[in-house]
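Per-entry structural report
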Amino acid sequence: MSNPHTLTNALCRRLGIQVPIFGLAHSIEVAAAISRAGGLGVYAAARDGPNELAAKLRALRRLCPNHPVAVDLLLPTSLPGSNTRASVAAAVPPEHQKFVQGLFKRFGVPPATQGNFFSQYVRSQDLFEEQLEAVVQSDVQVFAAGVGTPPAVLARAKAAGQHTIALVGTPRHAEKAMAAGVDILVAQGYDAGGHTGQIGTFSLVPQIVACAGGRPVIAAGGIGAGAQVAASFALGAQGAWLGTLWLGTREHALPPALVAKLMAAGSEDTVITRAHSGKPCRVVRSAFSDAWAETGAPEPLDMPYQQALIGELLAAVEQHEVAPLLYEAAGQSIAWLTKIEPVAEVMARLVAQTEATLASMRAFPN
Ligand SMILES: Cc1cc2nc3c(=O)[nH]c(=O)nc-3n(C[C@H](O)[C@H](O)[C@H](O)COP(=O)(O)O)c2cc1C
């Protein structure tokens, strides 16, 4: 079958996609739409309990029966084997509990009557094992490890016939992931939304390309337009991996107050905070991140204690759409999130902009 895209490269052929644009979202609708539009949709499953994950992956396939899709898990190796929510919650210091109760009061947040991942689960190796089992039993073609690359995990994904991807923020992470057997690296820079390291995308990508031993590298962090996709190729990457841009897509259907906040924000309106998960995570600034940065606020706890501490609050804020406290992980690419659009339009624009940028670079100097 002929391929209409001029961007198709070796990595696309290897994965069976048309354009080397990778999109991660905590929404099967968004991930499916990205794959249907010719890129690779990556369903971020870290916020799914093991019971719902298998069904979610079947639904993802139904939405996207004819294109490859990927699934991403967070697998930090530092967490204990088993954790119950009660045992983790019991270890939360009273001072922290008082602070979070204060946030409920200050912002008039009614209690949650519906749970979400943050209020129902705590991260542990047992949870990761159950999530992983759902992933390797699924027919998803690509497995991505967001945080942590345990060799046994990569081996299981490979044995299930899945391509393996690891997100890395330093050359040292890349070495570890390669020693664990990973096929493809995502060099995710400081600019990125979500858990992030300290090296900016522009400095990181060529360093990861240099140590990748010929493995394909995909650039991530701060990419919101085709010029940056083209720049990724110039840095030696074979693709671009985006997270923030999809938050504004029609398929994501986030609460309107959150979308309005994301659309109003510029690159300077994201902050790195440990208050979300216990690990440094770039999020859109909100009354939540501001409160944790106030003088006198307690230091956020480590993972998974911070999640046990704030889970009920996050569930209540989500359920009741408490506008000041609503937030989401978001990168400096937020500057390009300016309107609600279908995924297909975002993809078409990224492809057209990338092609135009590459053409203008070919004409250089003029
Ligand atoms: C809302 C959101 C949630 C994210 N969740 C995950 C995740 O669960 N696993 C993961 O590997 N990366 C996650 N990331 C990071 C993305 O994989 C990606 O590296 C990042 O979004 C790239 O930078 P950008 O946000 O500027 O596009 C998330 C990013 C965002 C914006």
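Let me begin by describing the structure that accompanies this report. (Residues numbered from 1 in each chain as written. Predicted model: local features only at pLDDT ≥ 70, side-chain atom pairs only at ≥ 80, totals over all residues. Heavy atoms only, no water.)

Before going further, it helps to examine the site of the ligand. Neighbouring the ligand are 22 residues; Asp72, Gln188, Gly222, Thr244 and Ser333 lie closest to it. Residue His26 places a side-chain N or O atom 2.9 Å away from a nitrogen atom belonging to the ligand. Burial of the ligand by the protein chains amounts to 96% of its free accessible area of 590 Å². Mapped onto the shell around the ligand, the elements with two or more residues apiece are strand S3 (69–74) and strand S9 (239–242). (Near = heavy atom within 4 Å. Polar contact = N/O pair within 3.5 Å; in protein donor to acceptor, adjacent residues only side chain to side chain. Areas by Shrake-Rupley, 256 points an atom, 1.4 Å probe, with all protein chains shown as cover. Helix = DSSP H or I, 4+ residues; strand = E, 2+ residues; numbered from the N terminus.)

The axes of two packed helices give the description: the angle between them and the distance between them. Direction vectors running N to C along helix H3 (residues 50–63) and helix H7 (residues 125–136) enclose 20 degrees, while the axes themselves pass 9 Å from each other. Here H3 is positioned roughly parallel relative to H7, judged by the angle of their axes. For H3 against H7, the interelement crossing comes out right-handed. Contacts from Pro50, Leu53, Ala54 and Leu57 in H3 reach Leu127, Glu130, Gln131, Ala134 and Val135 in H7. Looking at the contact of H3 with H7 residue by residue, the classes come out as seven nonpolar, one polar and one charged. (Axes fitted to C-alpha atoms, helices over the stretch in contact; angles between N-to-C directions. Parallel < 35°, antiparallel > 145°, perpendicular 65-115°, else oblique. Left-handed = near helix turned anticlockwise from the far one by under 90°. Contact = heavy atoms within 4.5 Å. Nonpolar A, V, L, I, M, F, W, Y, C, P; charged D, E, K, R; others polar.)

The next point concerns the layout of surface pockets. Looking at the second largest pocket, its volume works out to about 780 Å³. If you trace the second largest pocket, you find 32 residues lining it, with Arg47, Asn116, Leu254, Glu318 and Glu328 closest to the centre. Of all the secondary structure elements, the ones that give two or more residues to the lining of the second largest pocket are helix H2 (28–36), strand S2 (40–44), H3, helix H6 (117–120) and helix H14 (305–320). Looking at the lining of the second largest pocket, the element that brings in the most residues is H14, giving five residues. The residue makeup of the lining of the second largest pocket, split by class, is 15 nonpolar, nine polar and eight charged. (1 Å grid on protein atoms, 1.4 Å probe; cavity = no way out; pocket = protein on both sides within 12 Å on 5 of 7 lines; lining within 4 Å. Points joined across faces, edges and corners; volume = space filled by probe spheres on them.)

Around the barrel, which closes on itself, the eight strands sit in the order S1-S2-S3-S4-S5-S6-S8-S9 with parallel pairing between neighbours. Across the sheet, the axes of successive neighbouring strands diverge by a mean angle of 25 degrees, strand direction being ignored. Where strand S1 (residues 21–25) meets S2, four bridges bridge the pair, whose relative direction is parallel. Of the residues in S2, the one forming a bridge with Gly23 is Gly41. Docked against the sheet, H3 engages S2 and S3, running at close to 155 degrees with respect to S3. (Pairing = 2+ DSSP bridges.)

Any link to function would need more than the numbers given here.
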